[in-house]
Amino acid sequence: MNIKQISFRDVNQVIAHQLGSVFQPTYTAEGGLHYSRNPLGDLMEALVPHPEFKMLGLRNIPQMPENSLAYSTFSWPGLIKHLRQMLIANAKMEEGIDWQVRPPPLGSFIASSHSTNKPLHFNTSIANLVILRGKDVHSVDLGSFRDPSLYTSWLNPQDAFNAWKTPRAFNKYEKSASLVSNSQFLLKPLDNVVGKAWNMFASKAYIHQYTKFGIEEEDFLDSFTALEQVISSYTTL
């Protein structure tokens, strides 16, 4: 976005843009006549089919400086192609997407193989939600997100993918697309955080600051156990 010195205000604006792209009113059913009145409940119903898998990642495109919008045009096929590749290659932004990552051929591995036969860096999904805002949303082809090879084998791909749409533009973008994904998006960052926290805990760093307020070492161990179970569950998708 060509921001030379990033401030907390800039960070908050990006966060607000991302969340707004999901929670602004939209039609949650094909051909719906009324906007959803419970977007958070609908989101959970669409993306969390199992209580052990509750981590959701969010991507939104396009995102650019406001003064560049007047000189930019977007097509739905291009936006959908980029958003899908961001999903399977676990890209945080459009820039730097690894276009070499491909889904595994159907039937090339089974659940018991614990992902060891999947292409390197491929991001397996449990469920995905695409939200489209702007012109001609009802004519967009989303078949590429219904590809069974994107998803874990224990969930029907027809149940794993949902799309919300509204013809109303968002934040001055003529066309925009958001992806909320229950997948391995956050696996690596979470694993890194837990590893650093373990190191700090092992060296007793700041532990006394917590124990004097009644938080015991067993509480830390319980938290580590819960997070490591989450990491293990997503790793074996």
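Note that the structure is predicted; figures quoted are calculated from it, not measured.

## Here we look at the pattern of salt bridges
A complete count under the given rule lists 3 salt bridges for this structure. Here K204 makes a salt bridge to E217, at a shortest N to O gap of 2.9 Å. Placement of the pair is K204 in the loop between α5 (187-202) and α6 (207-211) and E217 in helix α7 (residues 217-235), with a sequence separation of 13 residues. Its relative accessible area of 29% is what places E217 among the partly exposed residues.

## Overview of the side chain of N182
Locating N182 in the fold gives a position in strand β4 (residues 175-183). For N182, a relative accessible area of 0% puts it in the buried group. In terms of polar contacts, N182 uses its side chain to reach the backbone carbonyl oxygen of L47, at 2.8 Å. In this structure the side chain of N182 is engaged in a polar contact, spanning 3.1 Å, whose partner is the backbone oxygen of F53. Residues in contact with N182, not counting those within four places in the same chain, are L47, V48, P49, F53, K54, M55, L56, S125, I126, A127, N128 and Y234.

## Things to note about a nonpolar patch on the surface
On the surface, I3, I6, V11, I15, L19, F23, L40 and M44 cluster together into a nonpolar patch covering about 700 Å² of accessible area. Counting residues per element, the ones that place at least two in the nonpolar patch are α1 (8-23) and α2 (39-47). Counting residues per element, the nonpolar patch draws most heavily on α1, at 4 residues. Positionally, M44 belongs in helix α2.

About the thresholds
Residues numbered from 1 in each chain as written. Predicted model: local features only at pLDDT ≥ 70, side-chain atom pairs only at ≥ 80, totals over all residues. Heavy atoms only, no water. Salt bridge = Lys/Arg side-chain N within 4 Å of Asp/Glu carboxyl O. Helix = DSSP H or I, 4+ residues; strand = E, 2+ residues; numbered from the N terminus. Buried < 20%, exposed > 50% of the residue type's maximum accessible area, 1.4 Å probe, protein only. Polar contact = N/O pair within 3.5 Å; in protein donor to acceptor, adjacent residues only side chain to side chain. Contact = heavy atoms within 4.5 Å. Patch = residues over 30% accessible without salt bridge, like charges linked within 9 Å, V, L, I, M, F, W, Y side chains within 5 Å. Areas by Shrake-Rupley, 256 points an atom, 1.4 Å probe, with all protein chains shown as cover.

Don't take any of this as a statement about function, it's just geometry.
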